[in-house]
Amino acid sequence: MNLIFAKLFDGYQKWNYPARFSITMYISVFYFFLAFLILLPTKTYIDHQIFNDEIHYEKSTILIMVFGLLTAIIFFVYIGYIKNNYIQKLSEKYKKTSVNKALLFFIVTFAPVILMVLAGIITVLLNGGSILRNEIKGYFE
């Protein structure tokens, strides 16, 4: 994904967009959905195996955790990629590598969506549930 991040950063600079903040938000969204790909099946598994689905969360607690996670990811991405000039180093590293613009924008558009869908599918496959009205017995049931 570093190649994609570097090429997207180069594109933002060519189009005179605020490249630093735009790339920070895209990288943060990508890592946010990647975190959900890992955390959602884990949380559901722990709820099912340890708490026997008897634990109930308040909506405000989940909302605070989601926004806290997003804030932490934005902070660490800004420090790691922008403040330490890592995105510029990546841009220089991949300067000679060319990527088709259609492929780049396809990956940029659908990578977070695919991560989000995968998180739901993996959760259902591991813990059971239904996908498109088809009941699936989970791997851990």
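Relevant structure appears above.
Here the structure is a predicted model, which is why all the values come from computation and not from measurement.

> Could you give me a rundown of the packing of helix α1 (residues 2-14) against helix α2 (residues 19-49), with the residues and numbers involved?
At a closest axis distance of 9 Å, the pairing of α1 and α2 adopts a crossing angle of 150°. Judged on the interaxial angle alone, α2 and α1 are roughly antiparallel. The two elements α1 and α2 meet at a crossing, and its hand is right-handed. Judged by residue contacts, Phe 5, Leu 8, Phe 9, Tyr 12 and Gln 13 of α1 engage Ala 19, Arg 20, Ser 22, Ile 23, Tyr 26, Ile 27, Phe 30 and Tyr 31 from α2. Split into classes, the residues belonging to the contact of α1 with α2 amount to 10 nonpolar, two polar and one charged.

> Describe helix α4 (residues 86-93), naming the residues involved and giving the relevant values.
Residues of α4 that are buried include every one of Ile 87, Leu 90 and Ser 91, and no others. The buried side chains of α4 occupy one side of the element, clustering within an arc of 100° when seen end-on. With respect to the buried face of α4, the exposed residues turned more than 90 degrees away are Lys 89, Glu 92 and Lys 93. Those residues of α4 hidden inside the fold are in contact with α1, α2 and α3 (59-83).

> An account of the layout of surface pockets is requested, with residue identities and associated values reported.
Roughly 360 Å³ of internal volume is contained in the largest pocket. Residue lining of the largest pocket: Phe 36, Leu 39, Leu 40, Lys 43, Tyr 57, Thr 61, Ile 62, Met 65, Val 66 and Leu 69, and that is the complete set. Those elements giving two or more residues to the lining of the largest pocket turn out to be α2 and α3. Looking at the lining of the largest pocket, the element that brings in the most residues is α3, giving five residues. Residues of the lining of the largest pocket, tallied by class, amount to eight nonpolar, one polar and one charged.

> I'd love a proper account of the nonpolar core, names of residues and values included.
Grouped together as the largest cluster of nonpolar side chains are 27 residues, with contacts concentrated most on Phe 5, Ile 23, Ile 27, Tyr 81 and Ile 87. Residue assignment for this core shows that the elements contributing at least two residues are α1, α2, α3, α4 and α5 (101-127). Ranked by residue count, the leading element in this core is α2, at nine residues. Among residues more than four places away in sequence, those in contact with Ile 87 are Phe 5, Ala 6, Phe 9, Ile 23, Ile 27, Tyr 81 and Ile 82.

> I'd like a rundown of unusual backbone geometry, residues and numbers included.
At Asn 85, a position not held by glycine, the phi torsion is positive, near 55°. Secondary-structure assignment places Asn 85 in the loop between α3 and α4. Positive phi outside glycine occurs at Arg 133, with the angle close to 65°. Mapped onto the secondary structure, Arg 133 falls in the loop between β1 (129-131) and β2 (134-136).

> I'd like a rundown of a nonpolar patch on the surface, residues and numbers included.
There is a patch of nonpolar side chains on the surface, built from Leu 103, Phe 106, Phe 110, Val 113, Ile 114, Met 116, Val 117, Leu 118, Ile 121, Ile 122 and Leu 125 and spanning about 920 Å² of accessible area. Secondary-structure assignment places Val 117 in helix α5.

> So what's going on with the pattern of salt bridges? Which residues, and what values?
Per the stated rule, a full pass over the model turns up two salt bridges. Lys 43 is the partner of Asp 47 in a salt bridge, and the nearest nitrogen-oxygen pair spans 2.8 Å. Of the two residues, Asp 47 and Lys 43 both sit in helix α2, four residues apart, roughly one turn of that helix. Judged by relative accessible area, Asp 47 falls into the buried class, the value being 7%. We note a salt bridge from Lys 95 to Glu 92, for which the minimum N-O separation is 3.7 Å. Lys 95 gets classed as exposed once you look at its relative accessible area, which sits at 52%.

What counts and what doesn't
Residues numbered from 1 in each chain as written. Predicted model: local features only at pLDDT ≥ 70, side-chain atom pairs only at ≥ 80, totals over all residues. Heavy atoms only, no water. Axes fitted to C-alpha atoms, helices over the stretch in contact; angles between N-to-C directions. Helix = DSSP H or I, 4+ residues; strand = E, 2+ residues; numbered from the N terminus. Parallel < 35°, antiparallel > 145°, perpendicular 65-115°, else oblique. Left-handed = near helix turned anticlockwise from the far one by under 90°. Contact = heavy atoms within 4.5 Å. Nonpolar A, V, L, I, M, F, W, Y, C, P; charged D, E, K, R; others polar. Buried < 20%, exposed > 50% of the residue type's maximum accessible area, 1.4 Å probe, protein only. Arc of directions from axis to C-beta. 1 Å grid on protein atoms, 1.4 Å probe; cavity = no way out; pocket = protein on both sides within 12 Å on 5 of 7 lines; lining within 4 Å. Points joined across faces, edges and corners; volume = space filled by probe spheres on them. Core = buried A, V, L, I, M, F, W, Y, C linked by side-chain atoms within 4.5 Å. Patch = residues over 30% accessible without salt bridge, like charges linked within 9 Å, V, L, I, M, F, W, Y side chains within 5 Å. Areas by Shrake-Rupley, 256 points an atom, 1.4 Å probe, with all protein chains shown as cover. Salt bridge = Lys/Arg side-chain N within 4 Å of Asp/Glu carboxyl O.

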